[in-house]
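Fold and contact review
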Amino acid sequence: MKRCYKIVLVDDEPWALVYLKKVFSRAGLGVKIVASESNAYSALKAIDKYHADIVITDVRLPQMTGLEFLKSIR
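A few points on the structure. Just so it is clear, the model here is predicted, and its values are computed rather than measured.

**Examining the overall build of the chain**
- Helix and strand counts for the chain stand at three helices and three strands.
- Counting from the amino terminus, the chain carries its helices and strands in the arrangement β-α-β-α-β-α.
- Seen through its principal axes, the chain has C-alpha atoms that stretch 40 × 25 × 15 Å.
- Relative to its 74 residues, the chain shows a buried fraction of 26%.

**Overview of the pairing of strand S2 (residues 31–37)**
- One ladder, built from six bridges, connects strand S1 (residues 5–10) with S2; its direction is parallel. Note that in S2 the partner of Tyr 5 across the bridge is Val 31.
- Viewed along the sheet, the connection from S1 through helix H1 (residues 14–24) into S2 turns out right-handed.

**Comments concerning the side chain of Asp 11**
- Mapped onto the secondary structure, Asp 11 falls in the loop between S1 and H1.
- At 11 Å, Arg 60 is the nearest oppositely charged side chain to Asp 11, a buried residue that forms no salt bridge.
- A polar atom in the side chain of Asp 11 sits 2.9 Å from the backbone nitrogen of Glu 13.
- Beyond its immediate chain neighbours, meaning those up to four positions away, Asp 11 contacts Ala 16, Leu 17, Glu 37, Ser 38, Asp 58 and Leu 61.

**Observations concerning the sheet that holds S2**
- Within the open sheet, the three strands sit side by side as S2-S1-S3. Their pairing is parallel. Two strands lie at the open edges of the sheet, namely S2 and strand S3 (54–57), each paired on one side alone. Adjacent strand axes in the sheet meet at a mean angle of 20°, parallel and antiparallel pairs treated alike.
- Taken strand by strand, H1 contacts S1, S2 and S3, and its axis lies near 170° from that of S2.
- Each of S1, S2 and S3 is contacted by helix H2 (residues 40–50), which is oriented at about 145° to S2, the strand it contacts most.

The rules behind the values
Residues numbered from 1 in each chain as written. Predicted model: local features only at pLDDT ≥ 70, side-chain atom pairs only at ≥ 80, totals over all residues. Heavy atoms only, no water. Helix = DSSP H or I, 4+ residues; strand = E, 2+ residues; numbered from the N terminus. Buried < 20%, exposed > 50% of the residue type's maximum accessible area, 1.4 Å probe, protein only. Pairing = 2+ DSSP bridges. Right-handed = clockwise from strand over helix to strand, strands pointing away. Lys, Arg positive; Asp, Glu negative; His and termini not counted. Salt bridge = Lys/Arg side-chain N within 4 Å of Asp/Glu carboxyl O. Polar contact = N/O pair within 3.5 Å; in protein donor to acceptor, adjacent residues only side chain to side chain. Contact = heavy atoms within 4.5 Å. Axes fitted to C-alpha atoms, helices over the stretch in contact; angles between N-to-C directions.

Honestly, that's just the spatial picture; any functional story needs more than this.
This is how it looks when you write it as structure tokens:
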């Protein structure tokens, strides 16, 4: 049985989230987008709620940088 990895997407640009959803929603990749968030704080809640395996984030986010965000989920 193939494992399905859970992905949380984080970007403050709506067009970027649309593009990333299209890329990762392709059949056969073994991933499922469980949340797409526009800021780091809502993404932190989604990561905790869905126990995400993969987080894809922008480096520039409102309220905190993407690097600060990654340090906080580590």
